[in-house]
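A look at the structure
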Amino acid sequence: METVKSQFINDEEEDKLWSEYKKAKSPSLRETLIRKYMPLVKYVAGRVSVGLPKSMEFEDLVSFGYFGLIDAVSKYDLDKNVKFKTYAVTRIYGSIYDEMRNLDWVPRSVRQKAREIEQAINELESKLSRPATDAEVAKHMNMTEEEYQKTVLRVSATSIVSMNDPCFTGDDNERVSVESILESPASMNPDVQVEKEEIKKVIIQAINELPEKEKMVIVLYYHEDLTFKEIGKVLEVSESRISQLHSNANLHLRAKLTNFRKGIF
C-alpha cells in the first residue's frame, strides 16, 4: 500500500513554500499551498467514507474537508515545530464531521442506541472497576449477546463520528479528539501537554484492556493506516466484522473517557 507521505510534496519543497508564505503572505502562494495539500483532503475523505452509507458521496466529503484545509493553512504556525500535514489532518477531519453532523445523516434512533450502549459500558465499568465483556453489556441491556452484536453493527457509523468529538479544548479553540490523539500525538500543543498526556494514557490503557482482536483493529486502522477490508484479510474475518469490532472498541474508549472526565478510574 502506498504510504501517505509519498502522496504529498517532499519536506524540502514544503519548508521552502511555508517559509516564503510566512514572509510574504501572498494570496498566490496560499493558493499554491492549498492545491499542493488537496491530496491530503482526499486521503482523509477516503478514510472517513469507510462504513458510511452510499448516500454520503465521497466528493461531498472532499468538499467538506476542503474548508478544513483552508482553515489549517490560515492558522498554521511554523514556530510550533509541527509538520503541517500533522496539524492539518485534525482540522480536515473536524470540518468533515462538523458538516456531517449539520446534515444529521444518522437516524436519531441509532444515535440513541449508541448512547445507551456507551452508558451501559460506563455504568458497568464504574461498578466492576475493570473492562466489561460483551456478554455483561448485553445482559445489562436485557439483550442476548447476538442481539447486542447486531446492535453494535447498526451503530457503527455513529462511532466514526463520536471518535472525532472533542475530549479536550485547549488554547485557540484547539480540538483534541480520541481519533486525533491516536493518529497524531505529535500535534499536541506543549502548552497543554500535561492534561493531554493524561488523556492519552487513559486511551492507551483502554486500548490495552480491549479484547485482542479489537485491539488489533484499532492499531492497524489508526497506526498502520489499513482499511477495514485490508484488516479483514489480516485477521481472516469479513469487512463487516471488522466494522463491528471497530465500533465496539470505540464505544469502550468513549466510555473510558467519560469515566475519566468524572474522575472515575
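First, a word on scope: everything that follows refers to the structure included in this document.

Some details on the overall build of the protein
Along the protein, the regular secondary structure elements total 14 helices and two strands. Taken over 265 residues, the protein has a buried fraction of 50%. By sequence separation, contacts in the protein at least 24 residues apart represent 64% of the contacts at least 6 residues apart. Carbon and sulfur atoms provide 52% of the accessible area of the protein, an area that totals close to 13500 Å².

Overview of the packing of aromatic side chains
Following the criterion strictly, the structure yields 10 aromatic pairs and no others. Ring centres of Trp18 and Tyr21 lie 5.9 Å apart, and the angle between their planes is 75 degrees; on these two criteria the pair is classed as edge-to-face. Here Tyr21 and Trp18 lie together in helix 1 (residues 11-24), a separation of three residues that amounts to about one turn. Given a relative accessible area of 3%, Trp18 falls into the buried group. Ring geometry for Trp18 against Phe84: centres 4.8 Å apart, planes inclined by 40 degrees, an arrangement best described as tilted. Placement of the pair is Trp18 in helix 1 and Phe84 in helix 5 (residues 84-103), with a sequence separation of 66 residues. As far as burial versus exposure is concerned, Trp18 and Phe84 are alike and both buried. An aromatic cluster of three or more residues is present, and its members are Trp18, Tyr21, Tyr37, Tyr76, Phe84 and Tyr87.

Rules used in this analysis
Residues numbered from 1 in each chain as written. Predicted model: local features only at pLDDT ≥ 70, side-chain atom pairs only at ≥ 80, totals over all residues. Heavy atoms only, no water. Helix = DSSP H or I, 4+ residues; strand = E, 2+ residues; numbered from the N terminus. Buried < 20%, exposed > 50% of the residue type's maximum accessible area, 1.4 Å probe, protein only. Contact = heavy atoms within 4.5 Å. Areas by Shrake-Rupley, 256 points an atom, 1.4 Å probe, with all protein chains shown as cover. Phe/Tyr/Trp six-rings, centres within 6.5 Å; stacked < 30°, edge-to-face > 60°.

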